[in-house]
Amino acid sequence: MPIASGYARLCFALAIIMGGMAQACAQDLLQIWQMALQRDPIYAANRASRNAEQEKVPQARAQLLPYSSADGIAEVDDTRRLRGLNNSSSQRRALWALTLTQPIVNIGAWGELKRAGYIAKSADVAQAAAYQDLVLRVAQAYFDVLAAQDTLRALQAEKNAVQNQLRAAKQGFELGSTTIADTYEAQARLDLLNASELQSQNLLQVSEDLLAKIINERPGQLAELAPGTILPGPKPDRLADWTIQSSHANLAVAQAELSAKIVEKQIDIAKSEHYPTLRLQAQTGSASDSTLYNTGGGPRSLDTTIGLQLSIPIFTGGEISSIVREQTSRLQQARYQLEDAKRQAVQSTQQHYSGVTSGLAQIEALQAAEKSSLASLQANQTGYEVGVRISIDVLNAQQQLYATQRSLSRARYDTLMNSLRLKASSGILSDQDIVAINQLLTDRADKR
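For the protein, an unreviewed UniProt entry supplies the name Outer membrane protein and the organism Pollutimonas bauzanensis. UniProt's Subcellular location (unreviewed entry) comment on the protein is quoted here verbatim: "Cell outer membrane".

The secondary structure content of the protein amounts to eleven helices and six strands. The proportion of buried residues among the 448 residues of the protein is 35%. A separation threshold of at least 6 residues defines the contact pool for the protein, and within that pool the share at least 24 residues apart is 83%. When the accessible area of the protein is evaluated, it comes to approximately 26300 Å², of which 55% is carbon and sulfur surface.

This structure, assessed with the given rule, holds 20 salt bridges. Of the charged contacts in the structure, one is a salt bridge between R218 and E208, with a shortest N-O distance of 3.0 Å. Of this pair, R218 sits in the loop between α6 (180–215) and β3 (224–225) while E208 sits in helix α6; the two residues are ten residues apart in sequence, bridging distant segments of the chain. One salt-bridge network, in which partners are shared between bridges, spans D40, D133 and R137.

On to the packing of helix α5 (residues 107–175) against helix α10 (residues 391–425), then. At a closest axis distance of 10 Å, the pairing of α5 and α10 adopts a crossing angle of 175 degrees. Here α5 is positioned roughly antiparallel relative to α10, judged by the angle of their axes. Residues belonging to the contact of α5 with α10 are distributed by class as follows: 18 nonpolar, eight polar and six charged.

Quick look at the packing of aromatic side chains now. Under the defined criterion, the tally for this structure stands at four aromatic pairs. Judged by centre distance (5.3 Å) and plane angle (90 degrees), the rings of W33 and Y131 are edge-to-face. Of the two residues, W33 is situated in helix α2 (residues 29–39) and Y131 in helix α5; the sequence distance between them amounts to 98 residues. Here the aromatic residues W33, Y43 and Y131 are joined through ring pairs into a cluster of three or more.

This brings us to the nonpolar core. Core analysis: the biggest nonpolar cluster contains 43 residues, and I32, V138, Y142 and F143 have the highest contact counts within it. For this core, the elements supplying multiple residues, two or more each, are α2, α5, α6, α9 (319–386), α10 and α11 (431–438). The leading source of residues in this core is α5, at 15 residues. Beyond its immediate chain neighbours, meaning those up to four positions away, V138 contacts L29, I32, W33, A36 and I214.

Next up on the list: unusual backbone geometry. Residue P236 is reached from K235 by a cis peptide bond, and omega for that bond is 0 degrees. Relative to the helices and strands, P236 resides in the loop between β3 and α7 (239–249). Phi is positive for N216, close to 65 degrees, though the residue is something other than glycine.

Within the span of α7, buried status applies to W242, T243 and S246. Each buried residue of α7 sits inside an arc of 100 degrees when the element is viewed along its axis, so together they form one side. Contacts made by the buried residues of α7 are with α8 (251–271), α9 and α10.

Structurally, L231 can be placed in the loop between β3 and α7. In this structure L231 comes out as buried when scored by relative accessible area, which is 10%. Ignoring sequence-local partners within four residues, the contact set of L231 consists of L225, L360, I363, R412, T415, L416 and L440.

Within this numbering scheme, the UniProt entry marks residues 145–172 and 324–351 as carrying the feature "coiled-coil region" (unreviewed entry). Counting secondary structure, residues 145–172 comes out at 100% helix and 0% strand; the distance between its end C-alpha atoms is 40 Å. Helix makes up 100% of residues 324–351 and strand 0%, and the two end C-alpha atoms of the span are 40 Å apart.

All right, on to a nonpolar patch on the surface then. On the surface, I104, V105, I107, Y275, L280, I306 and L308 cluster together into a nonpolar patch covering about 650 Å² of accessible area. Of all elements in the fold, only β2 (87–105) and β5 (301–311) reach the threshold of two or more residues within the nonpolar patch.

It is worth spelling out the packing of α7 against α9 at this point. Running from N to C, α7 and α9 point in directions that differ by 145 degrees, and their axes come no closer than 9 Å. Handedness of the α7/α9 crossing: right-handed. Contacts from L239, W242, T243, S246 and S247 in α7 reach A345, V346, T349, Q350 and Y353 in α9. Taken together, the residues of the contact of α7 with α9 sort by class into five nonpolar, five polar and no charged.

Note on placement: L310 falls in strand β5. C-alpha of L310 to C-alpha of R279: the two residues are 31 residues apart in sequence and 6.7 Å apart in space. When near neighbours in sequence (up to four residues on either side) are disregarded, L310 contacts P276, T277 and L278.

Conventions used here
- Residues numbered from 1 in each chain as written.
- Predicted model: local features only at pLDDT ≥ 70, side-chain atom pairs only at ≥ 80, totals over all residues.
- Heavy atoms only, no water.
- UniProt positions renumbered as here; feature names shortened; annotations may be inferred.
- Helix = DSSP H or I, 4+ residues; strand = E, 2+ residues; numbered from the N terminus.
- Buried < 20%, exposed > 50% of the residue type's maximum accessible area, 1.4 Å probe, protein only.
- Contact = heavy atoms within 4.5 Å.
- Areas by Shrake-Rupley, 256 points an atom, 1.4 Å probe, with all protein chains shown as cover.
- Salt bridge = Lys/Arg side-chain N within 4 Å of Asp/Glu carboxyl O.
- Axes fitted to C-alpha atoms, helices over the stretch in contact; angles between N-to-C directions.
- Parallel < 35°, antiparallel > 145°, perpendicular 65-115°, else oblique.
- Nonpolar A, V, L, I, M, F, W, Y, C, P; charged D, E, K, R; others polar.
- Phe/Tyr/Trp six-rings, centres within 6.5 Å; stacked < 30°, edge-to-face > 60°.
- Core = buried A, V, L, I, M, F, W, Y, C linked by side-chain atoms within 4.5 Å.
- Arc of directions from axis to C-beta.
- Patch = residues over 30% accessible without salt bridge, like charges linked within 9 Å, V, L, I, M, F, W, Y side chains within 5 Å.
- Left-handed = near helix turned anticlockwise from the far one by under 90°.

Here is the structure:
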């Protein structure tokens, strides 16, 4: 008993330690992505829609396969005289029939089968687009949380710096070395930062709520992008290669092409309504009638027929011609939409390619600005201490430094998102891109 009790306590202690380690480790982008893949309702709804559209194919194929039906009738005919309602006669009748039908020539049904195939392919493309959309939504929500955290930290650091400057201004005023204006200026900056801090805290809360909506739980501590991380550029590094890729592989373009093919096939189906149809029909059945033979039930006979049924449409009141004209106009609409999708794919590719390249240049410029802003702040603080700078100079230098840090943080996340959107517009975005970005992230505890 003591050994078993000690073993149980040891297991319980290990469980607590492992749980604490799991909580201490930050959640990374890959973990969030795997949770979203299982829990996001938008992606799940698209997957269910895709599965539903796949059933169009067996439904259309069924119109070309043999089908059978069984019919049965049982009747009792009771005839009474009007006067006295006494029973005059009674008849009983039973019928059953088994019918087998096999379509032989049905151009419209074959057209429906091809159209169903295009619909199924379109559903596959829509599912792939939903997958890429989930990648973008997860990454955007994740980076929005990180950006909100960085903004809040920068504001809090600036707030601490201003509080120190406010104390120095008050001490200087008490000693007579500065005027009361320095105190008022520092207090005004502090009040504005308090308001900005509240707004930033709300933005962080909203960002976490959006991420929680996707993964159905509150996110914990997230792995972050280290300040000195070098972001990768676009590969290949030629815009022409990306535009060619997007004009052929963009999922919106592929879906527009399939939509045009669906309408084309719909025109063929409408025209096929003018064509004759031929089917083989076989039927067997039996009937009994008590009034024709005897009161104990008439004899049964088994009647079997087999033959070909030819149907030729002659005139439908102009409906078929109207449907053909309608679908022809819809085909023109689909082709215009296809052209628009191609242009939009190229434009999006150019926009996101430019976003990546200019973002990388902006990051480099902001990193240089951060260094110079820090040097400016240190120089102004030294000048303030020796009396060649005033408090407002230090406050302005502080504001410039922390504003630059916030802009740098946002530029890094925007550049990563533009790189993902560039691949999405080219139809090559996958979970491997999540893995690649996840390798750039580190636990905040590792950076201290």
